[in-house]
Amino acid sequence: MRLDKYLKVSRLIKRRTVANEVCDAKHVTVNGKVARASYDVKVGDVIEIQMGANLLKAEVLNVSEHATKENAVLMYKLL
């Protein structure tokens, strides 16, 4: 699954267009490397999102095309 779509489905970022813009601005790293929106997310990846002064770090536990509000939090573990 694409990184921008994963960020939206997992609800780490609210909208896919915003996720795409954050990736284009090089504020997202996966496993320590700057990642583009087209990066293919895999289980075990560590995603870091820099939004202003906030740094969000999460490990991918599950990759799913669709997730409900309750299931979205099961897709990652905050570090």
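That block above? That's the structure.
Description of the structure in this document.

1. Digging into the pattern of salt bridges
For step 1, the next point in the chain: All chains considered together, the criterion is met by 4 salt bridges.
For step 2, the next point in the chain: Residue Glu59 pairs with Lys77 through a salt bridge whose shortest N-O separation is 3.7 Å. Note that Glu59 is positioned in strand 4 (residues 54–60) and Lys77 in strand 5 (residues 76–78), a separation of 18 residues in sequence.
For step 3, the next point in the chain: The partly exposed category is assigned to Lys77, whose relative accessible area is 41%.

2. Some details on unusual backbone geometry
For step 1, the next point in the chain: A positive phi is found at Lys26, a non-glycine position, where the angle reads about 60°.
For step 2, the next point in the chain: By the element assignment, Lys26 lies in the loop between helix 2 (16–24) and strand 1 (28–30).
For step 3, the next point in the chain: You can call Lys26 exposed: its relative accessible area is 60%.
For step 4, the next point in the chain: Notably, Asn31 is not glycine yet its phi reads approximately 55°, a positive angle.

3. Overview of the nonpolar core
For step 1, the next point in the chain: Residues Leu3, Tyr6, Leu7, Leu12, Val28, Ile47 and Ile49 are the most contacted members of the largest nonpolar core, which totals 21 residues.
For step 2, the next point in the chain: It is helix 1 (residues 3–9) that contributes the most residues to this core, 4 residues altogether.
For step 3, the next point in the chain: With residues up to four places along the chain from it excluded, the contact list for Ile47 reads Leu3, Tyr6, Leu7, Val28, Thr29, Val30, Leu56, Lys57, Ala58 and Val60.

4. Points about helix 2
For step 1, the next point in the chain: Along helix 2, the residues that are buried comprise Ala19, Val22 and Cys23. Summarising the axial view, the buried residues of helix 2 lie within an arc of 100°, below the 170-degree limit, and thus occupy one face. Exposed and facing more than 90 degrees away from the buried side of helix 2 are Thr17, Glu21 and Asp24.
For step 2, the next point in the chain: Check the buried side of helix 2 and you find it contacts helix 1, strand 1 and strand 3 (46–51).

5. Re a positive patch on the surface
For step 1, the next point in the chain: A cluster of basic side chains, namely Lys8, Arg11, Lys14, Arg15 and Lys69, defines a positive patch on the protein surface.
For step 2, the next point in the chain: Secondary-structure assignment places Arg15 in the loop between helix 1 and helix 2.
For step 3, the next point in the chain: Look at Arg15 and you get exposed, because its relative accessible area is 52%.

6. Brief notes about the side chain of Asp45
For step 1, the next point in the chain: Locating Asp45 in the fold gives a position in the loop between strand 2 (33–34) and strand 3.
For step 2, the next point in the chain: We note that Asp45 is buried and unpaired, the nearest opposite charge coming from Lys42 at a distance of 4.3 Å.
For step 3, the next point in the chain: A distance of 3.1 Å separates the side chain of Asp45 from the side chain of Tyr39, its partner in a polar contact.
For step 4, the next point in the chain: At 2.9 Å, the side chain of Asp45 forms a polar contact with the backbone nitrogen of Lys42.

What counts as what
- Counting starts from 1 at the beginning of each chain's written sequence and moves along it residue by residue.
- For a predicted model such as this one, the threshold for reporting local features is a pLDDT of at least 70, and the threshold for listing and counting side-chain atom pairs is 80 or more; totals across whole chains, interfaces and linings nevertheless cover every residue.
- The side-chain figures draw on all heavy atoms in the structure; neither hydrogens nor water molecules are used.
- Salt bridge, as used here: a side-chain nitrogen of Lys or Arg that lies within 4 Å of a carboxyl oxygen of Asp or Glu.
- The numbering of helices and of strands both runs from the N terminus, where a helix is a DSSP run of H or I of at least 4 residues and a strand a run of E of at least 2.
- Here the term buried applies to any residue with accessible area under 20% of the maximum for its type, exposed to any over 50%, and partly exposed to those in between, with areas from a 1.4 Å probe on protein chains only.
- Buried Ala, Val, Leu, Ile, Met, Phe, Trp, Tyr and Cys residues that are joined via side-chain atoms within 4.5 Å together make up what is termed a nonpolar core.
- Contacts are residue-level and defined by heavy atoms, with any inter-residue pair within 4.5 Å sufficient.
- The reported arc concerns the directions from the helix axis to the C-beta atoms and nothing else.
- Like-charged residues within 9 Å of one another, or nonpolar side chains (Val, Leu, Ile, Met, Phe, Trp, Tyr) within 5 Å, are grouped into patches, provided each residue has over 30% relative accessible area and no salt bridge.
- A 1.4 Å probe and the Shrake-Rupley method give the accessible areas. Residues count as covered only by the protein chains that appear here.
- By the counting scheme adopted, Arg and Lys are positive, Glu and Asp are negative, and His together with the chain ends is not counted.
- Note that the charge is assigned to NZ on lysines, CZ on arginines, CG on aspartates and CD on glutamates.
- We define a polar contact as two N or O atoms separated by no more than 3.5 Å, with the added condition that, inside protein, one atom must be a possible hydrogen donor and the other a possible acceptor, whereas residues neighbouring each other in sequence contribute only through side-chain atom pairs.

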